[in-house]
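Examination of the molecular architecture
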Amino acid sequence: MHDDIQEILFSEEDIARIVRDLGERLSEDYRGLNPLVVCVLKGAAPFMSDLVRRMDIALEMDYMAVSSYGASSQSSGVVRIMKDLDIPVEGRHVLIVEDIIDTGLTLQYLMDILKRRNPASLKVVTLLDKPERRTEGLVPDYCGVRVPNEFVVGYGLDYAEKYRNLPYIGVLKREVYNA
Ligand SMILES: O=P(O)(O)OC[C@H]1O[C@H](OP(=O)(O)OP(=O)(O)O)[C@H](O)[C@@H]1O
Ligand code: HPA
Ligand SMILES: [Mg+2]
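The rules we used
- Residues numbered from 1 in each chain as written.
- Chains lettered and ligands numbered in written order.
- Predicted model: local features only at pLDDT ≥ 70, side-chain atom pairs only at ≥ 80, totals over all residues.
- UniProt positions renumbered as here; feature names shortened; annotations may be inferred.
- Helix = DSSP H or I, 4+ residues; strand = E, 2+ residues; numbered from the N terminus.
- Rg over C-alpha atoms; globule rule 2.2 N^0.38 Å.
- Buried ≥ 20, exposed ≤ 12 C-beta atoms within 10 Å, placed from the backbone.
- Near = placed C-beta within 6 Å.
- Nonpolar A, V, L, I, M, F, W, Y, C, P; charged D, E, K, R; others polar.
- Contact = placed C-beta atoms within 7 Å.
- Expected span 1.5 Å × (residues − 1).
- Arc of directions from axis to C-beta.
- Pairing = 2+ DSSP bridges.
- Axes fitted to C-alpha atoms, helices over the stretch in contact; angles between N-to-C directions.

The name given to the chain in an unreviewed UniProt entry is Hypoxanthine phosphoribosyltransferase, with the source organism recorded as Novibacillus thermophilus. On record in UniProt, under Subcellular location (unreviewed entry), the comment for the chain is "Cytoplasm".

This is the structure we're talking about:
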């Protein structure tokens, strides 16, 4: 697994620091609002799990699964809902948790769907932002860190379902997905 990584971008310690800072900011901004924190499966699961433990406020958690990349390093452009939320969104302060915003297609689709359900507010926190690839005019409300235009894996991010359990975030060697 580690042999497939070209370069480590963020170590376990880097990630812990970034997540702690985001958690502190979100705790201030959402105190007293009992936000509905929505994890976009599967990539955001490790980030969600660490982030909520850095949010020292009352909140509720729910999970949604949409998929566009499948077993590929290229977005198919078609986003599908694989699992919807259990908790109603109407009147709630909804915070979407993403691992990465790349083209922005996934998030644009998700925001359009959730907006129609009349939340009190709808914002996004992403651990990674890859703005160079954006096709949708989307800017995250909260962003951990920017990444270069490379395919990255680890800490939830996969290539063909692999590498999600790496404790760090790194650039995948091109020969792995061009093979
Ligand atoms: O901005 P975009 O170009 O849409 O890409 C970002 C999305 O792609 C990945 O999910 P994926 O569809 O691969 O599912 P996964 O989370 O299960 O890996 C990632 O977790 C984001 O949700
Ligand atoms: O760089 C990436 N890595 C893994 N999954 C992704 N989904 C969108 N961009 C990426
Ligand atoms: Mg993926």
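1. So, the overall build of the chain
For the chain, the count of helices and strands is four helices and nine strands. In the chain, the succession of α and β elements from N to C terminus is β-α-β-α-β-β-β-α-β-β-β-β-α. Against the globule reference of 16 Å for 179 residues, the chain gives a C-alpha radius of gyration of 16 Å, in line with a compact fold. Each principal axis of the C-alpha distribution contributes one length, and for the chain these read about 50 × 35 × 25 Å. Among the 179 residues that make up the chain, the fraction classed as buried is 32%.

2. A few points about the environment of serine 121
Assignment of secondary structure puts serine 121 in strand 6 (residues 121-129). With 107 residues separating them in the primary sequence, serine 121 and aspartate 14 have C-alpha atoms 30 Å apart.

3. Considering the site of ligand 2
Lining the immediate surroundings of ligand 2 are eight residues, of which Ile100, Asp102, Phe151, Val152 and Leu157 lie closest. Here the shell around ligand 2 is composed, by residue class, of six nonpolar, no polar and two charged.

4. As for helix 3 (residues 105-115)
Those residues of helix 3 not exposed but buried are Leu105, Thr106, Leu107 and Leu110. Buried positions along helix 3 lie against strand 2 (36-41), strand 3 (60-67), strand 5 (93-101) and strand 6.

5. Some thoughts on helix 1 (residues 12-30)
A rise of 1.5 Å per residue sets the reference length of helix 1, with its 19 residues, at 27 Å; its end C-alpha atoms lie 26 Å apart and thus fit the reference within 8%. What helix 1 keeps buried is the set Ile15, Ile18, Val19, Leu22 and Leu26. For helix 1, the buried positions fall inside an angular range of 95° around the axis, keeping them on one side. When the buried face of helix 1 is taken as reference, the exposed residues oriented beyond 90 degrees from it are Glu13 and Glu28. Among the structural elements, strand 1 (5-10), helix 2 (45-52), strand 6, strand 7 (142-146) and strand 9 (169-172) are those in contact with the buried residues of helix 1. Residue glycine 32 follows helix 1 closely and has a positive phi angle near 85°.

6. Regarding the sheet that holds strand 5
Sheet architecture is open: six strands sit in the order 4-3-2-5-6-7, paired in mixed fashion. With partners counted over all chains shown, the strands left at the sheet margins are strand 4 (80-83) and strand 7, one partner each. Direction aside, neighbouring strands of the sheet carry axes that sit 25° apart on average. Bridging between strand 3 and strand 4 involves three bridges; their strand directions are antiparallel. Bridge pairing in strand 4 places alanine 65 opposite lysine 83.

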